[in-house]
Amino acid sequence: MNQATPKLQALARDLIVHETLGRTLSEFDAATVFQVIERLRAHLVNLMGTGGFQALLARALALASVEVLWLSKIHVNAAGTFEGLETAHREVNPAEFLKGRIAVLAHLLGLLEALIGLDLTERLVAEIWPELRSTISLSADSEVQSDAAK
Amino acid sequence: MTQPNDNLKTTGSAETLNGPAKVAIRGLLTGVSGLDDILGGGIPEFSLTIVGGTPGSGKTTLAHQIAFANATPNRPVLYFTILGEPVVKMLRYQQQFAFFDTAKIGSDVRFINLSDVVMDRDLNAVLDEIMKQVTAANAGIVVVDSFRSLARKALSEVGEAEVQSFVHRLSAFLTSSQVTTFLVGEYSDGEIEENSLFTIVDGIIWLSQVAERNSVLRKLQVVKLRGQATVPGLHTVRIGYDGLQAFSRSLGLMGNKPRPAERRQLSTGIPELDNMLGGGIHEGDSLLIAGPSGTGKSALATQFIADGLRHGEPGIMAIFEERPEGYTERAEAFGLNLRAGEEKGTLEILYLRPLDLSVDETMFAILDAIKRVRAKRLVIDSLVGFEMALAPGFRADFRESLYRMIGALTGAGITILSTVEVEDNFSSLQFSHYAISFLTDDIIRLRYVEIDGQLRKVLVVIKMRGGNHSKDIREYVISDRGVVVIEPRRTDYIGLSTGIPYRSGPRRAQEDEPPPEAKVAE
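Here the structure is a predicted model, which means the values were calculated and not measured. Every chain's residues receive numbers from 1 upward, in the order its sequence appears when written. Following the order in which they are written, the chains are lettered starting with A and the ligands numbered starting with 1. It should be noted that, the model being predicted, local features are given only for residues of pLDDT at least 70 and side-chain atom pairs only at 80 or more, the latter also being counted only at that level, while totals for whole chains, interfaces and linings use all residues.

Caption draft 1: View of the overall build of chain A. Across its full length, chain A carries six helices and two strands. Under the scheme used here, helices are H or I runs from DSSP no shorter than 4 residues and strands are E runs no shorter than 2 residues, and both carry numbers assigned from the N terminus. Helices (α) and strands (β) of chain A occur, in sequence order from the N terminus, as α-α-β-β-α-α-α-α. Here the C-beta atoms are placed from the backbone, and a residue counts as buried if at least 20 other C-beta atoms lie within 10 Å of its own, exposed if 12 or fewer do, and partly exposed otherwise. Looking at chain A residue by residue over its 150 residues, the buried ones come to 35%.

Caption draft 2: Layout of the overall build of chain B. A count of helices and strands for chain B gives 16 helices and 25 strands. Think of it this way: build a C-beta for each residue from its backbone, and any pair within 7 Å is a contact. Within chain B, contacts between residues separated by at least 24 positions form 70% of all contacts whose residues are at least 6 apart in sequence.

Caption draft 3: Region of interest: the sheet that holds strand S15 (residues 286-291) of chain B. Residue and element names in this part refer to chain B. Here, any two strands with at least 2 DSSP bridges between them count as paired. Here nine strands make up an open sheet; going across it, the order is S17-S16-S18-S19-S15-S20-S21-S22-S23 and the pairing mixed. Since the sheet does not close on itself, it has two edges, and those belong to strand S17 (347-351) and strand S23 (482-485), each with one partner. Across the sheet, the mean angle separating the axes of adjacent strands is 25° when strand polarity is ignored. Note: strand S16 (residues 315-319) against strand S18 (residues 377-381), five bridges, orientation parallel. Paired with Ile319 across the bridge in S18 is Asp381. Sheet strands in contact with helix H14 (residues 359-373) are S16, S17 and S18, and its direction is about 165° off that of S17. To get an axis, fit a line to the C-alpha atoms, keeping to the stretch in contact for a helix; angles then go from 0 to 180 degrees between the N-to-C directions.

Caption draft 4: Summary view of the interface of chain A and chain B. The interface is formed by 13 residues belonging to chain A together with 14 residues belonging to chain B. A breakdown of the residues in the side of chain A that touches chain B according to their chemical character gives five nonpolar, five polar and three charged. Charged means Asp, Glu, Lys or Arg here, nonpolar means Ala, Val, Leu, Ile, Met, Phe, Trp, Tyr, Cys or Pro, and polar covers whatever is left, Gly included.

Caption draft 5: Here's a closer look at the sheet that holds strand S4 (residues 48-53) of chain B. Residue and element names in this part refer to chain B. Here nine strands make up an open sheet; going across it, the order is S6-S5-S7-S8-S4-S9-S10-S11-S12 and the pairing mixed. The strands lining the two open edges of the sheet, one partner per strand, are strand S6 (109-113) and strand S12 (243-247). Averaged over all pairs of adjacent strands, the angle between strand axes in this sheet comes to 25°, irrespective of strand direction. Alignment of S4 against strand S8 (residues 180-186), held across six bridges, turns out to be parallel. Within S8, the residue paired with Ile50 across the bridge is Leu183.

Caption draft 6: Quick peek at the pairing of strand S11 (residues 235-240) of chain B. Residue and element names in this part refer to chain B. Direction of pairing for strand S10 (residues 215-225) relative to S11: antiparallel, over a ladder of three bridges. Each bridged residue has a counterpart across the sheet, and for Arg218 the counterpart in S11 is Val237. Note: S11 against S12, five bridges, orientation antiparallel. Each residue of the ladder has a partner; that of Val237, found in S12, is Ala246.

Caption draft 7: Structural detail: the pairing of S8 of chain B. Residue and element names in this part refer to chain B. When you tally the buried positions in S8, you get six out of seven residues, the bulk of the element. Here strand S7 (residues 141-145) pairs with S8 via five bridges, running parallel. Counterpart to Val142 in the pairing with S8 is Thr181.

Caption draft 8: Geometry of the confidence of the model for chain A. Residue and element names in this part refer to chain A. Of the residues in chain A, 81% have a pLDDT of 70 or more, and the chain-wide mean is 81. Averaged pLDDT values for the elements of chain A fall to 42 in helix H6 (residues 140-149) and rise to 92 in strand S1 (residues 75-76). Predictor confidence is given residue by residue as pLDDT, running from a minimum of 0 to a maximum of 100. Confidence drops under a pLDDT of 50 for residues 141-150, and excluding neighbours within four residues, the segment shows two contacts in the predicted structure.

Caption draft 9: Molecular detail of the packing of helix H4 (residues 94-116) of chain A against helix H5 (residues 118-128) of chain A. Residues and elements named next belong to chain A. In contact at an axis separation of 7 Å, H4 and H5 are set at 135° when each is read in the N-to-C sense. With respect to their mutual orientation, H4 and H5 come out oblique. Residues Leu109, Leu112, Glu113 and Ile116 of H4 pack against Leu118, Leu120, Thr121 and Leu124 of H5. When its residues are assigned to classes, the contact of H4 with H5 shows six nonpolar, one polar and one charged. Oblique is the label for every angle not falling under 35 degrees (roughly parallel), over 145 degrees (roughly antiparallel), or within 65 to 115 degrees (roughly perpendicular).

Caption draft 10: Spotlight on helix H2 (residues 59-70) of chain B. All names here are of chain B. How far a helix is expected to stretch is found by multiplying one less than its residue total by 1.5 Å. Here H2 is twelve residues long and its end C-alpha atoms lie 17 Å apart, about the 16 Å a rise of 1.5 Å per residue gives. Counting buried positions along H2 yields eleven of twelve residues, so the element is predominantly enclosed. What H2 keeps buried is the set Lys59, Thr60, Thr61, Leu62, Ala63, His64, Gln65, Ile66, Ala67, Phe68 and Asn70.

Caption draft 11: Representation of the nonpolar core in the model. Within the largest apolar cluster, 169 residues are counted, with the highest numbers of intra-cluster contacts made by Leu105 and Leu108 of chain A together with Ala67, Val142 and Val143 of chain B. Excluding its chain neighbours within four sequence positions, the residues that come into contact with Ala67 of chain B are Val77, Tyr79, Val109, Ile141 and Val143 of chain B. The term nonpolar core refers to a group of buried residues, namely Ala, Val, Leu, Ile, Met, Phe, Trp, Tyr and Cys, whose C-beta atoms join them within 7 Å.

Caption draft 12: Region of the structure containing unusual backbone geometry. All names here are of chain B. A cis amide bond links Asp145 to the next residue, Ser146, at an omega of 10°. Counting through the fold element by element, Ser146 comes out in the loop between S7 and helix H6 (147-157). The omega angle of the peptide bond from Asp381 to Ser382 is 5°, so this bond is cis rather than trans. Position of Ser382 among the secondary structure elements: in the loop between S18 and helix H15 (383-389). Although it is not a glycine, Gln178 adopts a positive phi angle of roughly 60°. Relative to the helices and strands, Gln178 resides in the loop between helix H7 (160-176) and S8. On the neighbour-count criterion, Gln178 (15 C-beta atoms within 10 Å) is partly exposed. The phi dihedral of Arg374 falls on the positive side, at around 55°, and the residue is not glycine. Summarising the element assignment, Arg374 is placed in the loop between H14 and S18.

Caption draft 13: Molecular detail of H4 of chain A. With 23 residues, H4 of chain A extends 33 Å between its outermost C-alpha atoms, agreeing within 8% with the 33 Å of an ideal straight helix rising 1.5 Å per residue. Phi turns positive one or two residues past the end of H4 of chain A, at Gly117 of chain A, with a value near 95°.

Caption draft 14: Local environment of the packing of H6 of chain B against H7 of chain B. Residues and elements named next belong to chain B. Interhelical geometry of H6 versus H7 gives an angle of 140° and a closest axis separation of 8 Å. Here H6 lies oblique to H7, going by the angle between them. Relative to H7, H6 is oriented so that their crossing is right-handed. Contacts between H6 and H7 involve Ala151, Ala154 and Leu155 on the former and, on the latter, Glu160, Glu162, Val163 and Phe166. Its residues assigned to classes, the contact of H6 with H7 comprises five nonpolar, no polar and two charged. Each helix crossing is assigned a hand: it is left-handed if the near helix lies turned anticlockwise from the far helix by less than a right angle, otherwise right-handed if that turn is clockwise.

Caption draft 15: Summary view of the environment of Tyr403 of chain B. Topologically, Tyr403 of chain B is positioned in helix H16 (residues 398-411). Each C-alpha atom of the pair Tyr403 of chain B and Gly34 of chain B lies 20 Å from the other, and the pair is 369 residues apart in sequence.

Caption draft 16: Molecular detail of the confidence of the model for chain B. Residues at a pLDDT of 70 or more form 87% of chain B, whose mean pLDDT is 85. Two numbers describe this predicted complex: its pTM, 0.73, and its ipTM, 0.75.

Caption draft 17: Here's a closer look at the environment of Trp70 of chain A. Residues and elements named next belong to chain A. Mapped onto the elements, Trp70 comes out in the loop between helix H2 (35-67) and S1. Classification of Trp70 by C-beta neighbours within 10 Å gives partly exposed; the count is 18. For the pair Trp70 and Leu85, spaced 15 residues apart in sequence, the C-alpha to C-alpha distance is 10.0 Å. With sequence-adjacent residues up to four places away left out, Trp70 is seen in contact with Ala88, Val92, Glu96 and Gly100.

Shown next as structure tokens:
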């Protein structure tokens, strides 16, 4: 079951680009590469507790690992943070590393959409990144419009 | 800082005639249809209420419904979840209800998970976190779900006195902060007496569900609610797309204006029957038409309603057996136009036949229609069909609820004609197998009798409270004018009431009846 639709992958990429604005990928250390997920984490832990978030992130990682193989080398600990990231960061080339980041985030958003619906997922993301509110839209209509505009 | 809230109803009085001004307790309207009436005007502002009951009885849905009905950006609702249903699931399922407004999530309604604090720290930390969040958000309503899980965890680590102290401090802080609080939890009936929490709180709303045969009954009881005159007893609850809907045992009829002392007599639409009734049915009476199938009970009911429409009296026909088209077509065959009344909004024919209705829901459907058209006349055709339309578990309450509804409606001056099917036996005259005659002021009995080789119909007024009536047994026919009473009192037969009379006088000459014509298919 692939919940990371192209629309979600595009949003994931936009969020990552937004968070890393002004810096290049090489400037990131392992602790900051999943900054978008960290920001989501703060909100989601408040909503569902550490255990709830840990379970959700672990599921997203498991789904993304099928698409990006290096992700199978890391795992989510009980606190809901990644372990094994530094090693992976050293071993994986930047393009592949970015692909993994997008995949995990897209699946995390996909899981949220599947569980609480499109509307609430959009609202949650807009609450964390209010400056992107006007560009966040995951609905099918917006996808059609977006495709037509290309 | 308190912000004005439109969703409040003042139930207390700020002033007394001969004393100092007393505090006015305002009630938070719950957003649950029928519940505010049961609560005596809503939930008292700044109170602490337990929403308790068995699993699946609708506690969380009720809490959400109240939350969404009252949440504002200035006084948001903080929904604290603790070791109960995960928020993700809550959001997933609750958004299926119409009251769930996704636009309010995160701003007007905020979910905060306290599970980690509860698991990793103590009650003081939980209280500190709630106080911090409430103060920061200027919350108007706080929900703690499940409070039972919190208390159970705390009890396993500290004594009951600690938990009691926690509730006391929580209550004091939230009331002082002008917050109305709901503690949601699964409790069993026995705990109300044993658990000191139930003594501390201001209100207890108890939800339950009981399976009976193939149906499930949901019930709500306001066990206590300080400062409010609640409606006692168990009230039926239904959970549907709109959330919870409560049906008050009082049917919302408390405080209806009494019927006038001077009562008119209303025509039945059958002049000769009016004469038998001493001029017609007294306004505000409940009339029962009892008779076997085919004796014209529905025809008589149709004429009663049509006569009301002719005299500017709106009416409701609550029918449980025949379809509405059958009524309008029969009326047209009698030269009566019910459709015009329906089009003008002075008549509603309610076809109520689903087999899982609760008695109170049905009563509410009738009462709503009465309010809509400002009905003066009501037909219930038939009581047997009405009872059959109910889910089996509700039938035990049928007579009690019917009694309350008929009492309240006739008390308000609405005239009711009910029909009931009675099987004729040919040895005696039963009024009804159904012990409902106590509901009625007047009873008319229809029956078949065998006369001169024909099965004819006779009627007799059995009872008429507060008026003289004819004692005659009269023959009637159903013609193209409806029910028509045709014969004067028959003195040449004895035993008409048994259905098989014998002749005591000479046989009268009469013409042979022509054979019936075949119906032409349309």
